[in-house]
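# Chain and residue survey
Each chain is listed here by its residues.
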Amino acid sequence: MGKMSDSIADEPNPSARETCPVPPPFPPPPSTSYCRPKTGPAPEASFATHVPVSRATRDIWERLFDEGYRSDVQILTSNDVPIFAHANVLGMASPVLRGMLKQAKTRSDGRKSISVKGVPHDAVRAFIRFLYSSCYEKEEMEEFVVHLLVLSHVFVVPELKQICIESLERGFLTTENVVDILQLALLCDAPRLSLFCHRMIIKGFREISGTEGWRAMKQSHPVLEKELLESMVEEDNREKERVRRGKERKIYLQLYEAMEALVHICRDGCRTIGPHDRDLEKNQQPCSYGACRGLEQLVRHFAGCKLRVPGGCSHCKRMWQLLELHSRLCADSSLCRVPLCRNFKERMRKQSKKDETRWRILVKNILRAKAIGGSPFFLSLLVSSSSSSKF
């Protein structure tokens with residue numbers, strides 16, 4: 001029994017051998033070409049779904065294209081120099097090329113001939129190379145990005161089209177070519193690129209409107225020029241509206257700060273002014289309320305002015321308005337230390353509907369502006385003052 005147990009212990013465990021992880025492949029050698037992994041529907045039960053294509057496999061496909069081994073198609077370009085390829089590869093990569101190959105006639109040498117003209121020969125070669133290996137050279141992309149965008153759109157190669165759009169957005173757009181790229185993006189059904197160009201034109205309209213591309217577009221596509229000018233006017237109106245709302249919000253925030261400073265003066269006292277039942281310290285710390293100094297001067301003027309009636313003095317009129325605004329923001333006038341707060345609360349019931357609506361809109365805008373800038377502080381002051389008065 002002892003020998004039998006020892007022999008069993010020495011045998012390797014088959015389940016452990018099957019669960020042993022497979023070591024990762026060696027990294028590929030450095031290369032100057034850029035490759036994009038081919039995407040497609042993943043099988044339901046496949047362990048190779050996320051395994052990238054090895055560099056050796058891509059090299060085989062590039063050698064197949066470069067050497068033209070057993071090629072059965074020749075592609076004629078603008079300079080009539082043929083590019084040899086394989087019908088199976090072209091047909092699987094592009095439905096448009098598949099249709100062209102079906103209609104192409106077979107030559108005497110057994111190859112089918114198709115023409116791709118209107119773009120440089122090297123651009124067509126870079127395009128066909130991408131169909132084989134999904135790779136491209138950086139220099140070729142920089143030189144032929146516009147031609148590759150057209151080819152990828154015409155022959156329905158969405159992966160290359162997306163690469164061209166991303167390359168244009170990353171830095172190939174300039175003030176000189178953005179108008180031409182916009183027209184090309186509209187023709188090639190690239191909405192993201194057209195929006196990118198549109199925003200760039202609106203942002204640098206003064207400089208771009210003087211370029212040769214703009215003048216050419218003005219003659220060939222006057223409707224597009226009209227749309228861009230209308231967009232420029234709309235953007236200018238939106239900018240003016242943003243500035244106007246920003247100024248209004250600044251005024252509302254100043255009014256809110258004045259309300260905070262008024263509660264601070266009437267409840268705690270500040271520097272040399274405060275409630276009659278509180279002794280002010282001589283050496284006080286600097287006040288944290290920015291509107292406190294100006295409001296302190298306004299309160300002193302209001303207390304000593306001989307024309308202290310609504311409409312009699314501009315400074316006193318402003319003070320009356322601040323007191324009424326405070327009463328509309330105040331949560332509980334029975335516990336409030338601000339003068340005339342309860343009187344203004346009772347006065348609200350006798351005001352006309354028009355005045356009541358106007359004050360209600362003002363209060364709503366003030367609270368909304370403060371809520372955008374941060375959490376409201378005025379109500380917390382009221383809560384703290386009410387809690388302190390109870391004790």
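Above this text sits the structure in question.
Reading the values: rules and limits
- Residues numbered from 1 in each chain as written.
- Predicted model: local features only at pLDDT ≥ 70, side-chain atom pairs only at ≥ 80, totals over all residues.
- Heavy atoms only, no water.
- Salt bridge = Lys/Arg side-chain N within 4 Å of Asp/Glu carboxyl O.
- Buried < 20%, exposed > 50% of the residue type's maximum accessible area, 1.4 Å probe, protein only.
- Helix = DSSP H or I, 4+ residues; strand = E, 2+ residues; numbered from the N terminus.
- Pairing = 2+ DSSP bridges.
- Axes fitted to C-alpha atoms, helices over the stretch in contact; angles between N-to-C directions.
- Contact = heavy atoms within 4.5 Å.
- Disulfide = S-S within 2.5 Å.
- Arc of directions from axis to C-beta.

Right, let's talk about the pattern of salt bridges for a bit. Under the definition given, this model contains 21 salt bridges. For Glu-235, the salt bridge identified is with Arg-242, shortest N-O distance 3.4 Å. Taking relative accessible area as the criterion, Arg-242 reaches 44% and is therefore assigned partly exposed. A salt bridge links Glu-241 to Arg-244; the nearest nitrogen and oxygen atoms lie 2.3 Å apart. In this pair, Glu-241 and Arg-244 both sit in helix H13 (residues 222–267), three residues apart, roughly one turn of the helix. A residue is classified by how much of its surface remains accessible, and Glu-241, at 30% relative accessible area, is partly exposed. We classify Arg-244 as partly exposed; its relative accessible area is 38%.

Attention now goes to the sheet that holds strand E3 (residues 82–85). Ordered in space as E3-E2-E4, the three strands form an open sheet in which the pairing is mixed. A strand with exactly one partner marks an edge of an open sheet, and here the two such strands are E3 and strand E4 (112–115). Adjacent strand axes in the sheet meet at a mean angle of 25°, parallel and antiparallel pairs treated alike. Relative to E3, strand E2 (residues 73–76) runs antiparallel, the two sharing four bridges. Among the inter-strand pairings, Ile-75 is bridged to a residue of E3, identified as Ile-83. Its contacts with the sheet place helix H5 (residues 95–103) against E2 and E4, and it is angled at close to 125° to E4.

Before going further, it helps to examine the side chain of Arg-129. Relative to the helices and strands, Arg-129 is located in helix H6 (residues 121–133). Arg-129 sits in the buried class, given a relative accessible area of 12%.

This next bit is on the state of the cysteines. For the structure shown, the criterion picks out zero disulfides. We note that Cys-341 lacks a disulfide partner, and the nearest cysteine sulfur, in Cys-330, lies 3.8 Å from it. When its relative accessible area of 3% is taken as the criterion, Cys-341 is described as buried.

Among the residues of helix H12 (residues 212–220), those classed as buried are Gly-213, Trp-214 and Met-217. End-on, the buried residues of H12 take up no more than an arc of 100°, which puts them together on one face. In this structure, H12 carries Glu-212 and Gln-219 as exposed residues pointing more than 90 degrees from its buried face. Its buried side turned inward, H12 meets helix H9 (178–187), helix H10 (191–203), helix H11 (205–208) and H13.

Fair warning: the whole summary comes from geometry, so function is off the table for now.
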